[in-house]
Amino acid sequence: MPKTTRTRSRTRIPTPLVSKLYPQSLGYQGMQHFCFFPINGSGMGHLSRCLSYARRLESRAYCSFFTLASAIEYVERMGFAAEYFISPFWSCNSTYHWNTELAVRLGMFLEHMRPSVIVFDGTWPFQGFLSTVKAYRKKGHPLKMVWSKRGLLKKSARVCPVDERLFDMILEPGELDATPGTTILDNGTTRKVTVPPVTLMRDEEILDRSASCQALGLAPDKHHVLFSLGSGNLKDVNSLGQRLVRAFQEKGFSPVWACPPISVHDIELPKDVRAISVYPLVQYLRAFDILVGAAGYNTCCEIVQTGTPSLLLPNTLLADDQTKRANLIANYAPVVVNPCETDEDMARALDEVTGLLRGKICFPKAPMNGAELGAEALLNLTCPQEGGEEA
């Protein structure tokens, strides 16, 4: 067995830090202010989705973040003010005391920042969040409340008891087969807006093969395979990852392992495996001939956006139905879906995914403008006459 090394030494792409800014210290008077509240999930999906909307709004509104995601530095590097509050999954407090502390901190944030709209992105709105918004509104502040609520949950997933009608809008980032549109819930006021897949980067911001290889320090004349199997915070990806690394090396590929910024576990890798930690990863995805990843929402959207041949290993431990999502995007991108649980499965999967490189397959073009339409829907919530058409 080859010697292994921990992935503490990682290639990081530097981006300029922007100081924390507050609207009253700048010329933002008269502009709408959107506060995004992403939870800290098992990956970067909630944070990335909020950043997707904020980046489309930033020329027309002020955007800030109150986030449970520990990767707050990436929010600030993109130029947005951000406040961090520890996730309940990392806190030693009881649920009651954590929600109480959340209510205090979020209440202070709202009083200081005075947003027009607060957008919660997560599967389960916290009681501390809901009670704080209610108390803030009682003081006469006209704060709109939005729930960015991703669908495609398993049938076995727990049903969230929070009433959608408490919100002014339910913003649903759609899957590839979603039907965009707007409906009104039975309370007559809450809008439910479904948009196409949401992506963080615009197409023109994604680097080509040459530029992305140069940025990452990779040889453009070699075959590179990127492993992006998630943070490992909920599922151990070490053993499976090492088996896949060896299998691709035997086929002549140079493996690169993506270490998510929020990962709390070190992955042991062979010495000849490169480890990188970059965000957003999609900006450099064209440096790689093949992507090996889980079937999270963001990963699947980015595979379709870049057309990267991929081997998807759905994570069955999560609430969202990654198996269904992976099979869905195989209709729109060069994808092989296989959990690689046995040596036979892995050998077949590698033959199939490397076979995708030998010929170009035409796929139907999917609408990927969910971030733009979501931003318009948010503007419509505050300025219907200025926000343009609804999604």
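Thresholds, definitions, all that
- Residues numbered from 1 in each chain as written.
- Predicted model: local features only at pLDDT ≥ 70, side-chain atom pairs only at ≥ 80, totals over all residues.
- Heavy atoms only, no water.
- Helix = DSSP H or I, 4+ residues; strand = E, 2+ residues; numbered from the N terminus.
- Buried < 20%, exposed > 50% of the residue type's maximum accessible area, 1.4 Å probe, protein only.
- Contact = heavy atoms within 4.5 Å.
- Areas by Shrake-Rupley, 256 points an atom, 1.4 Å probe, with all protein chains shown as cover.
- Salt bridge = Lys/Arg side-chain N within 4 Å of Asp/Glu carboxyl O.
- pLDDT = per-residue confidence, 0-100.
- Pairing = 2+ DSSP bridges.
- Axes fitted to C-alpha atoms, helices over the stretch in contact; angles between N-to-C directions.
- Patch = residues over 30% accessible without salt bridge, like charges linked within 9 Å, V, L, I, M, F, W, Y side chains within 5 Å.
- Expected span 1.5 Å × (residues − 1).
- Arc of directions from axis to C-beta.

### Re the overall build of the chain
Link 1 in the chain: Of regular secondary structure, the chain possesses 10 helices and 16 strands.
Link 2 in the chain: Burial statistics for the chain: of 391 residues in total, 53% are counted as buried.
Link 3 in the chain: If you take every contact in the chain between residues at least 6 apart in sequence, the share linking residues at least 24 apart comes to 69%.
Link 4 in the chain: Element-wise, carbon and sulfur atoms account for 52% of the exposed surface of the chain, whose accessible area totals about 17,800 Å².

### As for the pattern of salt bridges
Link 1 in the chain: One pass over the structure, following the stated rule, counts 19 salt bridges.
Link 2 in the chain: Between K139 and E111 there is a salt bridge whose closest N-O contact spans 2.9 Å. Note that K139 is positioned in the loop between α4 (127-138) and β6 (144-148) and E111 in helix α3 (residues 95-113), a separation of 28 residues in sequence.
Link 3 in the chain: The class of E111 is partly exposed, set by a relative accessible area of 27%.
Link 4 in the chain: Residue R165 is joined to D186 by a salt bridge in which the shortest nitrogen-to-oxygen separation is 3.3 Å. A residue pair is termed long-range when its members are at least 10 positions apart, and R165 in the loop between β6 and β7 (169-173) and D186 in the loop between β8 (181-184) and β9 (191-195) qualify at 21 residues.
Link 5 in the chain: Classification of R165 by relative accessible area gives partly exposed; the value is 42%.

### Regarding the confidence of the model for the chain
Link 1 in the chain: Across the chain, pLDDT averages 87, with 87% of residues at or above 70.
Link 2 in the chain: Here strand β1 (residues 4-6) stands out as the least confident element of the chain, with mean pLDDT 39; β6 is the most confident, with 98.
Link 3 in the chain: A low-confidence stretch, residues 1-20 (pLDDT under 50), is modelled with 54 contacts involving residues beyond four sequence positions or located in other chains.
Link 4 in the chain: Predicted confidence for residues 385-391 stays below pLDDT 50, and this span has 16 contacts to residues more than four positions away or in other chains.

### Quick look at the sheet that holds strand β10 (residues 224-228)
Link 1 in the chain: Strand order in the open sheet made by the six strands is β13-β11-β10-β14-β15-β16, with parallel pairing throughout. In the strand order of this sheet, the two ends are held by β13 (274-276) and β16 (335-337), each with one partner. Across the sheet, the axes of successive neighbouring strands diverge by a mean angle of 20 degrees, strand direction being ignored.
Link 2 in the chain: Where β10 lies against strand β14 (residues 290-293), four bridges are found, and the strand directions are parallel. Residue pairing in the sheet places V225 in a bridge with I290 of β14.
Link 3 in the chain: The strands touched by helix α7 (residues 297-306) are β14, β15 (310-312) and β16; relative to β15, the strand with the most contacts, the crossing angle is about 155 degrees.

### Let's talk about a nonpolar patch on the surface
Link 1 in the chain: Taken together, the side chains of Y84, I86, F89 and W90 present a nonpolar region at the surface, about 430 Å² in accessible area.
Link 2 in the chain: Relative to the helices and strands, F89 resides in the loop between β4 (81-84) and α3.
Link 3 in the chain: Classification of F89 by relative accessible area gives exposed; the value is 66%.

### Here's the deal with helix α9 (residues 343-355)
Link 1 in the chain: With 13 residues, α9 extends 18 Å between its outermost C-alpha atoms, agreeing within 8% with the 18 Å of an ideal straight helix rising 1.5 Å per residue.
Link 2 in the chain: If you check which residues of α9 are buried, you get D345, M346, A349, L350, V353 and T354. Relative to the axis of α9, the buried residues are bounded by an arc of 145 degrees and lie together on one face.
Link 3 in the chain: Next to the buried residues of α9 lie α6 (238-250), β14, β15 and β16.

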